[in-house]
Amino acid sequence: MRLGVMFDRDLPPERLIPFARALDSKVDDLWVVEDLGWTGGLTSAAAALAATSALRVGLGIAPAPLRNPMLLAMEFANLARLFPSRFVGGVGHGVQEWMRQVGAAATSPLTLLEETITSVRALLRGETVTNDRLDGVRLVHPPAVVPPVVAGVKGPRSLAVSGRVAQGTILPEGFGPAAIAPALERISPAGEHELIVFTFLCVGDTAELAGPKAGAARFLSVDPAEVFAAEGTPAQAAAAVKALWAAGAGTVVLRPVGDDPLAHVEGLLSAL
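Parameters at a glance
Residues numbered from 1 in each chain as written. Predicted model: local features only at pLDDT ≥ 70, side-chain atom pairs only at ≥ 80, totals over all residues. Heavy atoms only, no water. Phe/Tyr/Trp six-rings, centres within 6.5 Å; stacked < 30°, edge-to-face > 60°. Lys NZ or Arg CZ within 6 Å of the ring centre and 35° of its normal. 1 Å grid on protein atoms, 1.4 Å probe; cavity = no way out; pocket = protein on both sides within 12 Å on 5 of 7 lines; lining within 4 Å. Points joined across faces, edges and corners; volume = space filled by probe spheres on them. Nonpolar A, V, L, I, M, F, W, Y, C, P; charged D, E, K, R; others polar. Buried < 20%, exposed > 50% of the residue type's maximum accessible area, 1.4 Å probe, protein only. Helix = DSSP H or I, 4+ residues; strand = E, 2+ residues; numbered from the N terminus. Arc of directions from axis to C-beta. Contact = heavy atoms within 4.5 Å. Salt bridge = Lys/Arg side-chain N within 4 Å of Asp/Glu carboxyl O. Axes fitted to C-alpha atoms, helices over the stretch in contact; angles between N-to-C directions. Parallel < 35°, antiparallel > 145°, perpendicular 65-115°, else oblique.

**Q** I'd like a rundown of the packing of aromatic side chains, residues and numbers included.
**A** Overall, the coordinates contain four aromatic pairs when judged by the stated rule. Its guanidinium or amino end placed over the ring of W38, R9 lies 3.9 Å from that ring's centre, counting from NZ or CZ. Geometry around F219 places K154 over its ring, the cationic atom sitting 4.9 Å from the centre.

**Q** Any details on empty space enclosed by the protein? Residues and values, ideally.
**A** One pass over the full model with this rule turns up one cavity of 30 Å³ or more. By volume, the largest cavity is sized at about 50 Å³. Looking at the largest cavity, the residues that line it are F7, D8, R9, L11, L16, V32, V33, T39 and S44. Residue composition of the lining of the largest cavity, by class: five nonpolar, two polar and two charged.

**Q** How would you summarise helix α1 (residues 16-23) if you had to cite specific residues and measurements?
**A** Residues L16, F19, A20 and L23 constitute the buried set of α1. Seen along its axis, α1 keeps its buried residues to an arc of 95°; they face one direction. Summarising the contacts, the buried residues of α1 are in contact with β1 (2-6), β2 (29-32), α2 (41-51) and α10 (261-271). Following α1 by one or two positions, S25 has its phi on the positive side, about 75°.

**Q** An account of the pattern of salt bridges is needed here, citing residue identities and associated values.
**A** One side chain can pair with another of opposite charge once the charged atoms of both are near each other. Tallied over the entire structure, the rule returns eleven salt bridges. Here E194 makes a salt bridge to R56, at a shortest N to O gap of 2.9 Å. Placement of E194 in strand β7 (residues 194-203) and of R56 in strand β3 (residues 56-63) is noted, with a sequence separation of 138 residues between them. Given the relative accessible area of 18%, E194 is considered buried. Across the pair R164 and E114 runs a salt bridge, and its minimum N-O distance is 2.9 Å. With R164 in helix α6 (residues 156-165) and E114 in helix α5 (residues 109-124), the pair connects residues that are 50 residues apart, well separated along the chain. Taking relative accessible area as the criterion, R164 reaches 51% and is therefore assigned exposed. A cluster of three or more residues bridged by salt bridges with shared partners is formed by R2, D29, R56 and E194.

**Q** Lay out the packing of α6 against helix α7 (residues 177-187) with the relevant residues and their values.
**A** At a minimum axis distance of 7 Å, the contact between α6 and α7 shows a crossing angle of 60°. Put simply, α6 runs oblique to α7. Counted together, P156, L159, A160 and G163 of α6 and A183, R186 and I187 of α7 form the full contact between these two elements. For the contact of α6 with α7, the class distribution of residues is five nonpolar, one polar and one charged.

**Q** Report on the packing of α1 against α10, specifying residues and quantitative values.
**A** Look at α1 against α10: their axes get within 11 Å of each other, and the N-to-C directions meet at 10°. Taken together, α1 and α10 sit at an angle that is classed as roughly parallel. When α1 is examined against α10, the residues F19, A22 and L23 are found in contact with a partner set consisting of P261, L262 and V265. Of the residues assigned to the contact of α1 with α10, the class counts are six nonpolar, no polar and no charged.

**Q** Describe α7, listing the residues and the values that go with them.
**A** Of all the residues in α7, the buried ones are I180, A183 and I187. With its buried residues spanning 70° around the axis, α7 presents them on a single face. Turned more than 90 degrees away from the buried face of α7, the exposed residues are A178 and E185. Next to the buried residues of α7 lie α6, β6 (168-171), β7 and α9 (234-247). Immediately beyond the C-terminal end of α7, within one or two residues, lies S188, with a positive phi of roughly 40°.

Here it is, written out as structure tokens:
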């Protein structure tokens, strides 16, 4: 069971390095975000890896329509060679409205995601890849320690694709323990597969959760009351994290709210 913390996309980028250093050796993972208009996920991952010594750094997530699989493989391989065993690459559909805004809308998001993940994994293994998007390409410097490639998805068919081609699945903020078993049934992985669950964290006054929960509810098409979070007292927040682990999450990634995210993390850690 792993514990991670997300560097929220709304935090100024210059706070990333001190944020990462404050968490080094305190938690297992640091996750960075790639959302349209905010920051580049791979540059954020590289900065966090260079500034720390123990954290595994995850990219959650690169949008497949916006990122050519060869370019993704080149970047993933570079990070894996520079920081062996410390990087995990997340790939997803991307928000379709955002993809349309930049002229990258996919006609078949499921097919594109499967082809992207399959191609990236093959390239990272040092294979030559030819398909509809790539023509006989390979990496000159494939990594000796191949980083895991995981899929950030939520729908039933996308979960099935993740189980078939990825090495792990990221479930977005709002998924609670009761939703994990159905998700795992949809994923139905053929082999070892890491389930990573993002969850909001708010220790103390939970008023700060109203906005994030409302956004997650819209994304998941559920009522805000159904959005799961680690919230309340440190003991209550810790119990929520433990419930996710008990339900089958291999890694729980906390997304602390507000302008003082590390205070929420410290509160939780005091009770774990």
